[in-house]
Amino acid sequence: MKKSHNTSPVWTRSSRCDHHNCLETSRHPTTIQVRNSTNPDTTLSFTHDSWRSFLRTHDNPTI
């Protein structure tokens, strides 16, 4: 019997999201996909290093 692999991305919302218009991310082996929950057909793709750099640059605990 062959194992079936789920190829659908798993999307995660920020823990700070408290409404329906949120940033969602999906991890993949070589990239991070990012989308707006109200427009899920459009995504951006980042390497893991660029995504970490983006998060470090935009980390602001006051938001």
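Definitions and limits used
Along each chain, residue indices are assigned from 1 in the same order as the chain's sequence is written. The predicted nature of this model means local features are confined to residues of pLDDT at least 70 and side-chain atom pairs, given and counted, to a pLDDT of 80 or more, with totals for whole chains, interfaces and linings taken over all residues. Based on all heavy atoms of the structure, the side-chain values leave hydrogens and waters out of the count. A 1.4 Å probe that fits into a set of points on a 1 Å grid over the protein atoms alone but cannot get out defines a cavity; an open set with protein on both sides within 12 Å along at least five of seven lines defines a pocket, and lining residues are those with an atom within 4 Å of a point. Grid points are joined across faces, edges and corners, and a volume is the space filled by probe spheres set on the points. Secondary structure follows DSSP: runs of H or I at least 4 residues long count as helices, runs of E at least 2 residues long count as strands, and numbering of each begins at the N terminus. Under the convention adopted here, Pro, Cys and the residues Ala, Val, Leu, Ile, Met, Phe, Trp and Tyr are nonpolar, Asp, Glu, Lys and Arg are charged, and Gly plus all remaining residues are polar. Here, two cysteine sulfur atoms that lie within 2.5 Å of each other are counted as a disulfide. Exposure classes here rest on a 1.4 Å probe applied to the protein chains alone. A residue is buried below 20% of its type maximum, exposed above 50%, and partly exposed in between.

Caption draft 1: Seen up close, the layout of surface pockets. Considered as a void within the structure, the largest pocket measures approximately 650 Å³ in volume. Around the largest pocket sit 20 residues that line it, and Ser14, Arg16, Leu23, Phe54 and Leu55 are the ones nearest its centre. Mapped by element, the contributors of at least two residues to the lining of the largest pocket are strand 1 (12-13), strand 2 (23-27), strand 3 (31-36) and helix 1 (48-58). Of the residues in the lining of the largest pocket, the class split is 8 nonpolar, 8 polar and 4 charged.

Caption draft 2: Expanded view of the state of the cysteines. The tally for this structure, following the rule as stated, stands at 1 disulfide. Across the disulfide, Cys17 is cross-linked to Cys22 (sulfur-sulfur distance 1.4 Å). Take Cys22: its relative accessible area is 5%, and that puts it in the buried class.

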